[in-house]
Structure formats: C-alpha cells, structure tokens
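Survey of secondary and tertiary structure
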Amino acid sequence: MSLGNKLADARRAKNLTQEQLAEKLEVTRQAVSRWESGAAWPETDKLVRMAQILEVSCDYLLQDGVDEKGNPVKAPVTRLLKQAQGKRVKLTFYEDDSGMPAFHEWCVIQDFDGAWANVEVVVNQKKPQKNEVRLIPLSAISTITFLKDGEAARRSPLELS
C-alpha cells in the first residue's frame, strides 16, 4: 500500500478531513491532497508530525509489511498452503537470479511461517527412507499440485542433487 493510501486511511480512522489535518500540520489542504494522491511527498518533519497526529509510526507510513505501531506484519497464509500442509504435493519452482534451479518435486510441506516453508523431499528414490528437509522461500514456488488419495507419486525426471 502506498504512503498516500496509508495516510488517507489513517486520517479517516481519526475522523479528520484533509482540511483539519492540514491545519494541524500548518500546510494547505491541497498539500495533503497531493500527498494522498501520490503526486507529492511530505517533507520529513511533516511526515514525523503526521505520524504523531495520526498515532501511527513513520515506519507504517513509509514501509510495506509494517503495522500502525511499526511492528512487522507476517505475510498472510493462504488457504491453499493450509490445505497443503502435511500432505504430499508436487511443487514447481521458479528459476530465478538466486541460482535456484527450476524443478518439480513430490514432497510434504511440513510447516510454514511468514515467507518460508519447511519442505520434506525424497533425495534418493531407491532409498525412500532417506528424506531431506529444506527451508524454501514461498516466493520461489510457482505451482502446487495435490496428490490424489491412493495415487502413487511419480518422480520427476529432474533429480535433486
């Protein structure tokens, strides 16, 4: 969410008009309007004063992933991830600049927290007891395919090293 949207939401939550906030900041209503529309940015001293008036943190106004009090907000866990937890699924990964290869793998999502998941994968097909747990960024997952009950998982031709 942009600074302007956060500013407008916080102002409305305090039941202030643009004119009232402008008076408190000793600026014009048009200045507040430009800030809220994203056409301009407030000066640092105005930003600090705004945060005080609106009872939010400067971090909240300036950063994504921060609540009104400046505390980090965990990424929302989707219903799909909740359904996938503890079940055999096939994950397809993006190939990205970090060097993570694109591959498909049958695995079990053990748990997840924020932007990361613990995923158990079979490293050696001939010794299925030998599994490896990997910490994987959720942003690296392209697709999740659920294994139907009673369906045998087929190993991808691309083996993990």
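Source: prediction; values computed, not measured.

The rules we used
- Residues numbered from 1 in each chain as written.
- Predicted model: local features only at pLDDT ≥ 70, side-chain atom pairs only at ≥ 80, totals over all residues.
- Heavy atoms only, no water.
- Phe/Tyr/Trp six-rings, centres within 6.5 Å; stacked < 30°, edge-to-face > 60°.
- Lys NZ or Arg CZ within 6 Å of the ring centre and 35° of its normal.
- Helix = DSSP H or I, 4+ residues; strand = E, 2+ residues; numbered from the N terminus.
- Buried < 20%, exposed > 50% of the residue type's maximum accessible area, 1.4 Å probe, protein only.
- Arc of directions from axis to C-beta.
- Contact = heavy atoms within 4.5 Å.
- pLDDT = per-residue confidence, 0-100.
- Salt bridge = Lys/Arg side-chain N within 4 Å of Asp/Glu carboxyl O.

Considering all chains together, one arrives at 0 aromatic pairs under this definition. Directly above the aromatic system of Tyr60 lies the positively charged group of Lys6, at a separation of 5.0 Å from the ring centroid.

What follows covers the environment of Ala140. Along the chain, Ala140 turns up in the loop between β4 (131–137) and β5 (141–146). According to the relative accessible area criterion, Ala140 is buried, its value standing at 3%. Placed 48 residues apart in sequence, Ala140 and Thr92 show a C-alpha to C-alpha distance of 8.6 Å.

Attention now goes to helix α3 (residues 29–37). Among the residues of α3, Ala31, Val32, Trp35 and Glu36 are the ones counted as buried. Down the axis of α3, the smallest arc covering the buried residues is 135°, so these residues share one side. In the core, the buried residues of α3 are packed alongside α1 (3–13), α2 (18–25) and α4 (44–54). Downstream of α3 by one or two residues, Gly38 has phi in the positive range, about 85°.

The next point concerns α1. Among all positions in α1, only Leu3, Gly4, Lys6, Leu7, Ala8, Ala10 and Arg11 are buried. The secondary structure elements touched by the buried residues of α1 are α2, α3, α4 and α5 (58–62). Just downstream of α1 lies Asn15, where phi reads positive at about 55°.

Regions with low pLDDT should not have their predicted coordinates read in detail. Across the protein chain, the average pLDDT comes to 78, with 73% of residues at or above 70. Within the protein chain, α2 carries the highest mean pLDDT (96), whereas helix α6 (residues 79–84) carries the lowest (78). Here residues 153–161 is modelled with pLDDT under 50, and outside its nearest four sequence neighbours on either side it reaches 21 contacts, counting other chains as well.

Let us look at the pattern of salt bridges. A complete count under the given rule lists 4 salt bridges for this structure. Where Lys14 meets Glu55, a salt bridge forms, and the shortest distance between an N and an O atom there is 2.8 Å. Here Lys14 is found in the loop between α1 and α2, whereas its partner Glu55 is found in the loop between α4 and α5, with 41 residues between them in sequence. We note a salt bridge from Arg134 to Glu132, for which the minimum N-O separation is 2.4 Å. In this structure Arg134 comes out as buried when scored by relative accessible area, which is 18%.

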